[in-house]
Amino acid sequence: DHARTQAEMYAKAQRQKVEDQKIDWDLSGHHYTLRQILERFLRDVEEGLIVPEGSADFKVGKNKQVRGLRRHVTTARMLLGIGIMGKNKGGFPSLLSMRLTDLTFEHFFSEDANSFSSNLLDRQGNPAGRGSVRSNVSAIKKILDHAISAWKIEFTNPIQSLKLIG
């Protein structure tokens, strides 16, 4: 009953924001899944809209430079299950189907058996170490930050800090 009341209050507040023209309904994060964001990110990289930092292909006003782009692409491909190498070829379907507004930090890093960090494997198929988890979660954070800043999608990035990962 409490959850229903909270959901109704949230929906009413969101509707009011739209009516007040504070957010563009089409750009509201609840319209997008993590899969859609990762696919769009990879498409923008393939089309040259996003290039590595320091790239000779950078053109002011035409594309955006991203530091660590290779790691971002590798992580996005791994999450989508289209990676070339590694033991995570099945991807992370439970995360991919989630709406941006439903994602929490715990989906990415927690002791929960369904979290990204609990299911990430190293090259030998063993649970990944903290450094690998941190690196991948950092790449996810930056992709989500890109969705907010470049594409103007309205949501709060669930990965605000990596301090809890250590």
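Counting of residues starts from 1 at the beginning of each chain's written sequence and follows it residue by residue. The predicted nature of this model means local features are confined to residues of pLDDT at least 70 and side-chain atom pairs, given and counted, to a pLDDT of 80 or more, with totals for whole chains, interfaces and linings taken over all residues. Values shown for side chains rest on all heavy atoms present in the structure; no hydrogens or waters enter the calculation.

Concerning the overall build of the protein
Quick note on the threshold: Each helix corresponds to a stretch of at least 4 residues labelled H or I by DSSP, and each strand to a stretch of at least 2 residues labelled E; elements are numbered beginning at the N terminus. A 1.4 Å probe rolled over the protein chains alone gives each residue an accessible area, and that area as a share of the maximum for its type sets the label: buried under 20%, exposed over 50%, partly exposed in between. In this analysis, two residues are considered to be in contact whenever any of their non-hydrogen atoms come within 4.5 Å of each other. Values of accessible area rely on a 1.4 Å probe in the Shrake-Rupley scheme; residue burial ignores everything except the protein chains shown.
Across its full length, the protein holds seven helices and two strands. Starting at the N terminus and ending at the C terminus, the protein contains elements arranged as α-α-β-β-α-α-α-α-α. The proportion of buried residues among the 166 residues of the protein is 37%. In the protein, of all internal contacts separated by at least 6 residues, the share reaching a separation of at least 24 is 57%. For the protein, the exposed area adds up to about 10200 Å²; of that, 50% sits on carbon and sulfur atoms.

Let's talk about the pattern of salt bridges
To keep it simple, the criterion reads: We count a salt bridge whenever a side-chain nitrogen from Lys or Arg sits within 4 Å of a carboxyl oxygen from Asp or Glu.
Within the structure shown, the criterion is met by three salt bridges. The residue Arg4 makes a salt bridge to Glu8 at a minimum N-O spacing of 3.1 Å. Taken together, the positions of Arg4 and Glu8, both in helix 1 (residues 2–19) and four residues apart, correspond to about one turn of that helix. Exposure remark for Arg4: the relative accessible area of 57% places this residue in the exposed category. The partner of Lys141 in a salt bridge is Asp145, with the nearest N and O atoms 3.0 Å apart.

Examining the side chain of Asn88
Relative to the assigned elements, Asn88 resides in the loop between helix 3 (69–80) and helix 4 (93–96). Not counting chain neighbours up to four residues away, the residues in contact with Asn88 comprise Met78, Asn119, Leu120 and Leu121.

What about unusual backbone geometry?
Positioned with a positive phi, Lys152 is a non-glycine residue whose angle comes to about 60 degrees. Tracing the backbone shows Lys152 in the segment after helix 7 (130–149).

A few points about the packing of aromatic side chains
To be explicit about the condition: Stacked, edge-to-face and tilted labels apply to pairs of Phe, Tyr and Trp rings (six-membered ring for Trp) whose centres lie within 6.5 Å, assigned for plane angles under 30 degrees, over 60, and everything in between, in that order.
Here the structure, examined in full by the defined rule, presents two aromatic pairs. For the ring pair Phe92 and Phe116, a centre distance of 4.9 Å and an interplane angle of 55 degrees mean the geometry is tilted. Residue Phe92 is located in the loop between helix 3 and helix 4, and its partner Phe116 is located in helix 6 (residues 116–119); the two are separated by 24 residues in the primary sequence. What makes Phe92 buried here is its relative accessible area of 8%. By relative accessible area, which is 1% here, Phe116 ends up buried. Between Phe105 and Phe109, the ring centres sit 6.2 Å apart and the planes meet at 55 degrees, which makes this aromatic pair tilted. Classification of Phe105 by relative accessible area gives buried; the value is 11%.

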